[in-house]
Amino acid sequence: MATLCLIFKAKAQEVVTLSGRVTDQQNRSLSGVTIKIKNTTTETLTNYSGYFSIICFIKQGTIQASFLGYKIYEASFNGTTNNLSIKLQESTNDLNEVQVIGYGQTTRRLNTGSVSSISAKQIEQQPVTNVLSALSGRMPGVFVQTTNGLPGGNINIQIRGKGSIAAGTNPLYIVDGVPYDGAAPNPTNSDLSGSIAGTISPLNNLNPSDIESITVLKDADATSIYGSRGSNGVVLITTKMASTGDTRIVFNIQQGVSKVAQKPKLLNLKDYLEIREEAFTNEGITPSADPTSPYYAPDLKVWSQTQGTDWVDYLFGNSARSSDLQGRVSGGKGQTTFSVSGNYHYENLIIPGSNDFRRSGLSSQFQHQSENNKLRIAISNSFTHQYNALSNAINAIDGTMLLAPNYPLRLPDGSLNWYAGINILGEINARSKTKTDNSITSLNIGYNILPLLNFKINAGYTKTTYDQILTFPNSAIPSYVINNTTFGKNSSQSFLLEPQLDYSVKLKSVSISFLAGATLQNRQNDMQMIKASNFKRESLMEDLGSAGTIDVRTNDYMQYKYASLFGRAAFNLNDTYILNTTIRRDGSSRFGPGQRFGNFGSVGAAWIFSNLSFIKERLSFLSYGKIRGSYGTSGNDQIGDYQYLSTYSSPGSNIYQNVAAVSPNRIANAHFHWETTHKTDIALELGFLKDRLILSADYYLNRSKDQLILYSIPQITGFADYQANLPAVIENKGLELSINANILATADFSWSTSFNLTLPRNKLKSFQDFQNSSYAKIFELGYDITRIYGYKSLGIDQATGKLQYADKNGEVSSIAYPYNTLGKLTPDYYGGFNNTFKYKNFELSVFAQFVKQVAQGGLRLIPGSFGLNSYNLVKNRWTESNRNTHIPKASANGFDINYGSSSENVFNTSYFRLKNVSLSYNLPETFLARLKINQLRVFAEGQNLFTLWNKNAAILDPEFGVMKSGSSLSINSPTLTTVVLGIQLTL
Amino acid sequence: MKKIYKYTFTLLFALSMLFSSCDKFVEIPESKNQIETDVVFADSAIATSALLGVYYTLGSPTSAVSFHNKYMSLYSDEYLYTSSFPSPMQFGQSKLLPDNFDNTFLWNNLYSVVYQCNSLIEGVNKSTGLTQSAKTLLKGEAEFLRAFANFYLVNLYDNIPLILTTEVSKNAHASQNSSDLVYDQIIKDLLAAKSELGLDYKGAGRVRANSLVASALLARVYLYLGKWNEAEQEATRVISTGLYTPLPLIENVFLANSQETILQFWNQNGFLNDTYDLIPALATDLPQYTITPGLYEAFDANDIRKSHWISTNIVTIDGVSEAYHYPSKYKNKAPNAEKSEYLSVLRLSEQYLIRAEALAQQENIADAVAGLNVIRNRAGLLPLPNIISKQDCLTAIAKERQLELFGEWGHRFMDLKRTRQLNQILGPLKSTWKATAKAFPIPQNELTYNSKLIQNDGY
């Protein structure tokens with residue numbers, strides 16, 4: 001009642017008007033700055049030239065100006081004040097910076113959760129196609145792995161370790177409040193996903209330069225509000241909003257050149273032949289020129305002994321280019337603002353064949369605020385079209401690279417030589433064309449019911465369609481394969497409705513805010529695939545009517561529904577003690593009846609102890625100190641739809657006796673339920689010397705249980721796996737450190753640096769009836785779940801020159817044990833180091849990242865085995881005169897089947913990489929003013945410029961390791977060194 | 001304040017209304033392309049298409065089983081491999097690695113058949129919508145198919161778990177059973193199928209099991225077990241129906257619905273994808289699979305089978321011309337409506353050979369030779385005299401089996417195995433041959449995920 005009286009009183013009082021202009025330190029007007037009367041909901045935005053005018057009903061108070069990337073400005077007022085001059089200071093690591101969190105905003109200072117973010121500026125400095133690449137190394141606890149160097153290729157992102165064994169380690173992506181499906185589109189469509197294009201990351205649909213900020217939520221306090229979907233962390237992507245001001249036109253043009261960053265070192269022809277000859281001599285057998293002989297060795301007997309091809313050079317010797325063109329027009333007056341932007345991106349590949357990736361997009365935004373500031377409407381639309389045309393050369397990289405150096409691509413009669421099963425001259429004629437159209441529409445309506453009570457509704461609609469054609473004409477395949485084309489169409493549409501109500505009240509020194517909301521989501525997936533073969537003409541490979549046979553025709557529908565209720569209550573006492581609680585109840589159609597609903601919640605607290613007068617007085621160097629902690633639960637429902645149902649269906653190819661036959665879809669399990677992750681986080685944040693140095697350390701402990709996985713089972717059960725809860729507890733814990741420092745800041749020169757380090761640990765804590773489970777051999781209790789297992793090498797037996805392997809107990813044995821622990825994929829530590837220097841109008845930023853890790857290499861067969869070339873390191877093989885080695889003797893007969901999966905093939909792949917260097921120059925304003933140009937920036941950026949690593953490891957690149965045949969992630973092109981030059985023009 | 005409460009309550013009320021019927025918001029309609037298992041077995045047409053699904057899994061042109069014929073021929077002494085893919089190379093050397101792709105594919109394919117049969121039998125038993133006669137027929141065919149899969153599993157892998165339910169909790173930890181137990185089940189299934197099924201073929205063609213098909217496989221099973229009398233009786237039952245005689249011309253044996261067909265696997269386009277691998281595109285190409293000199297020379301010069309089932313390419317490399325022989329029992333490489341070819345599974349010639357062997361083992365040489373001569377006669381060979389010794393008769397039958405059935409269903413390998421001649425015949429031909437190669441390795445993944453399974457010796 002008291003509050004209500006206040007309001008009435010306020011209304012009776014006189015109206016106060018505040019007006020002025022907001023600029024940056026260089027006196028350039030800033031438009032779109034939020035002007036707010038503190039502790040009220042009265043707010044407005046600055047107009048095109050930075051001016052604002054705001055009416056409020058309290059006589060005295062604090063006016064606040066906030067703008068992303070700038071420090072929050074506060075000043076008190078008393079009565080109507082005009083001509084306020086507000087100068088915002090750019091913030092490099094300011095604690096009062098706006099921090100985006102789930103369903104709201106706070107500041108870094110007052111945040112109770114563990115959150116990291118990067119700004120538009122840091123994204124723009126990096127010439128990346130997929131915006132997730134820009135996160136690499138920038139945030140503690142966030143491990144980004146580029147799984148291939150292809151444009152549009154998939155990117156793995158793990159937030160605080162691998163919490164799940166099998167599928168579903170994707171974080172939840174939220175774009176402007178709307179959940180965005182981050183999983184690759186066609187997992188059901190193995191013909192397409194396993195083929196040329198591989199899995200395509202949907203995040204490619206986002207144009208990096210349209211993004212204002214990316215925030216990663218890590219602990220329970222930050223993620224529990226997303227309940228069942230927050231287990232693997234949440235990535236909040238905020239796009240650039242329209243702002244009031246003069247109509248502003250920004251152009252950005254950039255052009256880049258790329259070359260391969262690392263070339264694997266393989267044997268040259270001379271060394272290759274020498275080892276092959278030796279391999280035959282060692283076994284006492286003679287190579288034969290007869291193709292039906294078991295000792296047929298065309299590399300020694302048929303092909304040229306003097307002329308060869310350096311396949312690495314052949315594949316990776318070329319350079320690729322990229323172009324970017326962006327334009328944005330924004331402006332607006334008074335209550336209404338708009339922004340329209342367009343972008344175009346092109347890149348090709350270094351590998352042979354025609355490989356092009358094009359993306360073009362158009363996005364628009366419109367915001368309106370009613371005259372009384374009560375109603376706000378924002379609608380944004382973005383449409384992206386991608387065209388990805390690749391040749392199958394990508395699929396043949398692995399095989400081609402390891403061909404014998406004297407392998408002839410053509411036979412003496414000029415026809416293609418398919419002896420190896422691949423031929424790059426043919427593969428380049430196999431084409432994959434993927435068209436992706438993506439549209440995202442979101443509508444936000446907010447209504448200020450009462451001064452302290454707001455109602456908001458978010459509605460979002462996302463539609464993505466993929467249209468893929470995969471052609472294998474006769475010229476692309478050996479004669480024993482039938483020419484074929486696969487046509488695939490895949491579309492997914494998702495609708496989201498999210499009403500919310502928030503209420504905040506300040507009672508003396510306590511401010512309390514409540515948020516309540518609900519989510520309804522409905523997603524549908526439609527998939528169609530036709531595989532046809534026996535086409536009569538190469539030019540008609542895309543004409544379904546010309547196909548002789550239709551091998552597969554199938555479609556699939558999936559529907560997913562999701563509903564939840566959530567709430568948050570936050571208490572803030574004197575900006576010193578902060579308590580934040582969230583609760584969420586979720587239901588998902590992916591679970592069977594009776595298992596559909598789950599409850600999740602969290603408690604987070606922070607104590608800003610630097611507010612104590614004791615510290616303020618005695619320890620004045622400590623400008624900021626906070627201890628925060630949180631505990632809570634979140635879940636994961638990243639599983640397939642309908643998995644609880646026992647069903648039959650027609651896969652589309654199974655016609656028998658002219659009847660479409662059906663077969664069982666899966667082993668159904670009606671009992672699986674939500675998986676839960678319990679997250680604990682304790683952190684200390686310290687600021688020294690007026691926050692010029694900020695340290696932050698987080699310790700986290702996440703325990704996931706009842707993980708939803710495709711539980712692997714032996715095929716004698718009829719299937720390879722089934723959906724179930726893993727009766728295990730997996731623990732991820734670790735330490736995250738970050739340091740941000742403004743080392744120097746003078747009028748002309750500034751130097752700021754940031755450093756982050758993560759030490760992750762993962763272990764299988766417990767597992768019910770482990771010994772009898774399917775995982776008894778794959779995992780080890782108490783050990784990391786990314787365990788690499790295989791044959792443990794015990795060195796060379798000097799009598800035979802062969803490797804000796806260990807049994808279960810580590811003893812030399814003739815029966816090698818295939819499940820010995822060889823290492824783990826979880827890195828020991830990883831981190832990044834960034835330095836930014838500014839001198840007058842120049843800005844230089846240098847960013848490096850590092851990882852300490854091991855990985856399995858690309859050794860397959862022992863030296864001298866036919867069919868594959870090998871890495872240079874096998875030159876050090878065992879011979880009578882070279883006994884001190886662990887590379888076995890060359891052998892042409894029989895294969896040491898254990899070698900490729902032995903500890904000899906596990907390498908230290910730690911690296912230090914100069915990931916990004918960016919240099920930019922802003923032309924002086926005085927000069928530009930004459931040309932009627934607001935701003936002209938020229939810049940140069942370099943990506944992956946230099947890497948320190950163990951170059952003897954049998955891998956392609958330390959960042960993504962080796963190519964492995966058989967999985968779609970294997971289809972990759974190595975990491976590129978890219979140099980980009982560009983101009984940004986603002987009119 | 002009141003207002004706040006009012007709004008808050010209105011919203012909370014609205015939300016709770018929404019969620020009072022919570023389940024509705026996460027209720028999804030029935031899938032448009034998946035049929036719930038109960039529904040499948042409520043209707044005989046859908047249940048039949050589930051049965052056809054098993055045939056498809058076993059016999060489609062891309063199934064492991066039909067692909068496997070050529071690998072089995074590499075594994076024994078029928079074909080040589082001239083290309084460089086690791087998996088067939090391992091078959092050529094009779095040295096499979098436990099992670100061999102095609103071996104894994106075959107195992108998975110056969111166990112998928114077993115699962116589908118078990119699911120079908122369970123579904124039919126539980127069904128209330130199917131008539132008794134429909135149930136019997138569906139069950140009979142499923143039992144035949146299960147026996148067929150188990151027959152190959154036990155012959156190729158020796159030690160296999162016998163899976164008779166769909167219960168994953170049980171099957172995931174199943175251990176291997178003795179081959180005697182597996183054979184008991186095979187015979188039980190085949191006898192059941194024989195009695196449950198009729199004499200007619202369901203649907204068009206001879207592409208589904210009936211009582212005679214069950215007998216034909218039963219005859220082979222009894223032969224393998226040395227139950228000569230039973231083998232003779234089952235073979236006689238098949239031969240004497242007259243449904244499959246007289247034997248067609250050599251060139252027509254593998255055509256769809258040929259006279260001697262007991263069971264074929266249907267395909268949509270009238271050709272097997274395998275012919276792409278076996279028959280080179282050009283007459284000057286080196287075939288990927290060549291007939292071994294031993295097999296080629298085993299044929300008489302005037303054997304019609306040699307000229308119809310084996311073709312020859314002359315390949316010139318560096319000016320030197322060489323003749324390479326390759327198998328060509330099936331010839332179509334594109335859709336062919338007039339002369340469709342289906343993969344032959346069981347055919348009458350084998351039944352003559354089974355009966356001849358069973359008779360010879362029972363000392364009835366004259367009848368044995370008479371049967372053998374039916375095969376020889378069609379091949380354009382002179383009849384054998386019916387006064388030869390038992391040993392000579394058995395040798396002649398074995399040779400006829402080698403010639404008649406080469407490249408089909410691993411007959412050669414399994415014949416050498418059941419007559420314990422593998423080491424004697426393959427040992428001298430392959431430096432990589434080991435006695436333990438008589439059984440294929442259990443695929444590595446099976447051992448990884450089921451600790452109860454034990455790898456076969458030698459792997």
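Values in this document were obtained by computation on a predicted structure and should not be read as measured data.

1. Quick notes on the interface of chain B and chain A
Size of an interface, as often reported, equals the accessible area lost when the parts are brought together.
Phase 1: Taken together, the contacts link 91 residues of chain B with 86 residues of chain A.
Phase 2: Here chain B is connected to chain A by one salt bridge.
Phase 3: A salt bridge links Arg596(A) to Glu27(B); the shortest N-O distance between them is 3.2 Å.
Phase 4: Where chain B packs against chain A, one counts 24 residue pairs in polar contact (both at pLDDT 80 or more).

2. What to know about unusual backbone geometry
If a residue is not glycine, its phi is most likely negative; likewise, a peptide bond is most likely trans.
Phase 1: The amide bond that connects Thr245(B) to the next residue, Pro246(B), takes the cis arrangement and shows omega of -5°.
Phase 2: Here Pro246(B) is to be found in the loop between helix H12 (228-240) and strand E3 (261-265).
Phase 3: Even without a glycine there, the phi angle at Asp691(A) is positive, about 65°.
Phase 4: With respect to the element layout, Asp691(A) can be found in the loop between strand E34 (675-688) and strand E35 (693-712).
Phase 5: Phi at Arg420(B) is positive, roughly 55°, even though this residue is not glycine.

3. With respect to helix H5 (residues 269-283) of chain A
Residues and elements named next belong to chain A.
Phase 1: Relative to the 21 Å expected for 15 residues at 1.5 Å per residue, H5 spans 21 Å between its end C-alpha atoms, a close match to the ideal helical length.
Phase 2: Residues of H5 that are buried include every one of Leu269, Asp271, Tyr272, Leu273, Ile275, Arg276, Glu278, Ala279 and Phe280, and no others.
Phase 3: Of the surrounding elements, those touching the buried residues of H5 are helix H6 (298-301).

4. Here we look at the environment of Leu757(A)
Phase 1: Relative to the helices and strands, Leu757(A) is located in strand E37 (residues 749-767).
Phase 2: Once residues lying within four places of it in the same chain are set aside, the contact partners of Leu757(A) are Pro140(A), Leu735(A), Glu736(A), Leu737(A), Tyr829(A), Tyr830(A), Gly831(A) and Phe850(A).

5. Structural notes on the pairing of strand E2 (residues 34-37) of chain A
Residues and elements named next belong to chain A.
Phase 1: Of the two faces of E2, only the one carrying Ile35 and Ile37 is buried; Thr34 and Lys36 on the other face are not.
Phase 2: In this structure, E2 lies alongside strand E3 (residues 43-45), joined through three bridges in antiparallel fashion. Looking across to E3, one finds that Thr34 is bridged to Leu45.
Phase 3: As defined by bridge partners, E2 adjoins strand E5 (residues 60-66) across four bridges and the pair is classed as antiparallel. The partner of Ile35 across the bridge, within E5, is Ala65.

So, how was this worked out
- Residues numbered from 1 in each chain as written.
- Chains lettered and ligands numbered in written order.
- Predicted model: local features only at pLDDT ≥ 70, side-chain atom pairs only at ≥ 80, totals over all residues.
- Heavy atoms only, no water.
- Contact = heavy atoms within 4.5 Å.
- Salt bridge = Lys/Arg side-chain N within 4 Å of Asp/Glu carboxyl O.
- Polar contact = N/O pair within 3.5 Å; in protein donor to acceptor, adjacent residues only side chain to side chain.
- Helix = DSSP H or I, 4+ residues; strand = E, 2+ residues; numbered from the N terminus.
- Expected span 1.5 Å × (residues − 1).
- Buried < 20%, exposed > 50% of the residue type's maximum accessible area, 1.4 Å probe, protein only.
- Pairing = 2+ DSSP bridges.

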